[in-house]
Amino acid sequence: MAENIVLAEMTWPEVQEATEDKKAVALVPLGATEAHGPHLPLATATYLAIDAAKRAARKLKVHGVRAVVFPNISYSVCERSADFPGTLSLSRATAVAFLKEVAQNATRNFRAVAFVNTHLDPAHLEVLKQVVDESKKAGVSACFVDLTRKRWSQQLGPVFAQGDHAGAFDTSAMMALNLPLVREHERISIPPMDGLVASMKGGAKTFKEAGGEDAYFGDPGAASIEDGENILEQLSDICAVSVMEHLASKS
């Protein structure tokens, strides 16, 4: 039987056995419940985070690092999209307190905790930076996968770097992950939009201020399953490298 890498599917004795040397790493998929255009589900970021974590766990094993995928977190700070129906946005204080407790609890048995994050709201990223900083001061080994770092943004390509939200990047990934959840008629019917980055740099604080009345930026019609599979592999590679670099920094 293949080694189980999903915490929720394990029994407590199996977790105890997997963590008895406290060398295993906890991977926590961190997404959002947020509007992603008229063609993608609210849980898009969460789907991407779960897949990235599972693939990364298998890649880390090849490098001698045992990783276990924790239950996903689907509630985050979503200030840019808070006024769209279905978006669920936590306050920053609530998110910080919650994620710090998750990190603290995870590292009772695990060597480190890594938040595998695919939700890029600037307020949410500020929360994660605060969580990691305060966790480290408390003696908790924590990190998060920051896709906005220049090296990762460049690796993921110009579509991502320009601020894709439910455009070709996200839509391709969802097509590869779960095609039935992509509303095909809407995907091919809606027009391309500019990426979100330029508008945010110009002072826009929300999707609607940036001209995203339908909560998407980019070109969903340019998406493909083939591109999606490549994106999913890239995300998991970035996750695995981020975790290994964090562990090396603690050695």
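Right above here is the structure, for reference.
Residues numbered from 1 in each chain as written. Predicted model: local features only at pLDDT ≥ 70, side-chain atom pairs only at ≥ 80, totals over all residues. Heavy atoms only, no water.

Caption draft 1: The overall build of the protein chain, seen in detail. Counting its secondary structure elements, the protein chain contains 10 helices and 4 strands. Against the globule reference of 18 Å for 251 residues, the protein chain gives a C-alpha radius of gyration of 18 Å, in line with a compact fold. Each principal axis of the C-alpha distribution contributes one length, and for the protein chain these read about 55 × 40 × 30 Å. Counting only residues that meet the buried cut, the protein chain has 53% of its 251 residues in that class. Taking the contacts inside the protein chain whose residues are at least 6 apart along the sequence as the reference set, 78% of them involve residues at least 24 apart. Within the structure as shown, the protein chain displays about 11700 Å² of accessible surface, and the carbon and sulfur contribution to it stands at 52%. (Helix = DSSP H or I, 4+ residues; strand = E, 2+ residues; numbered from the N terminus. Rg over C-alpha atoms; globule rule 2.2 N^0.38 Å. Buried < 20%, exposed > 50% of the residue type's maximum accessible area, 1.4 Å probe, protein only. Contact = heavy atoms within 4.5 Å. Areas by Shrake-Rupley, 256 points an atom, 1.4 Å probe, with all protein chains shown as cover.)

Caption draft 2: Local environment of helix 3 (residues 92–106). In this model helix 3 runs 21 Å from its N-terminal to its C-terminal C-alpha over 15 residues, within 8% of the 21 Å that 1.5 Å per residue would give. By the burial criterion, the buried members of helix 3 are A95, V96, L99, V102, A103 and A106. Buried residues along helix 3 cover an arc of 135° about the axis, so they all sit on one side. For helix 3, the exposed residues set more than 90 degrees away from the buried face come down to A93 and E101. (Expected span 1.5 Å × (residues − 1). Arc of directions from axis to C-beta.)

Caption draft 3: How the structure looks around the packing of aromatic side chains. Under the definition given, this model contains 4 aromatic pairs. With 5.2 Å between their ring centres and 75° between their planes, F70 and F110 make a pair best called edge-to-face. Separated by 40 residues along the polypeptide, F70 in the loop between strand 2 (67–69) and helix 3 and F110 in the loop between helix 3 and strand 3 (112–117) bring together distant segments of the chain. There is no split in this pair, since F70 and F110 are both buried. Each ring, one from F84 and one from F207, has its centre 6.4 Å from the other, and the planes form 55°; the classification is tilted. Residue F84 is found in the loop between strand 2 and helix 3, and its partner F207 is found in the loop between helix 9 (196–201) and helix 10 (225–250); the two are separated by 123 residues along the sequence. Here F84 matches F207 in class, with each residue buried. Joined through ring pairs, the aromatic side chains of F84, F207 and F217 make up one cluster. Cation over ring: K208 sits above F84, and NZ or CZ is 4.9 Å from the ring centre. (Phe/Tyr/Trp six-rings, centres within 6.5 Å; stacked < 30°, edge-to-face > 60°. Lys NZ or Arg CZ within 6 Å of the ring centre and 35° of its normal.)

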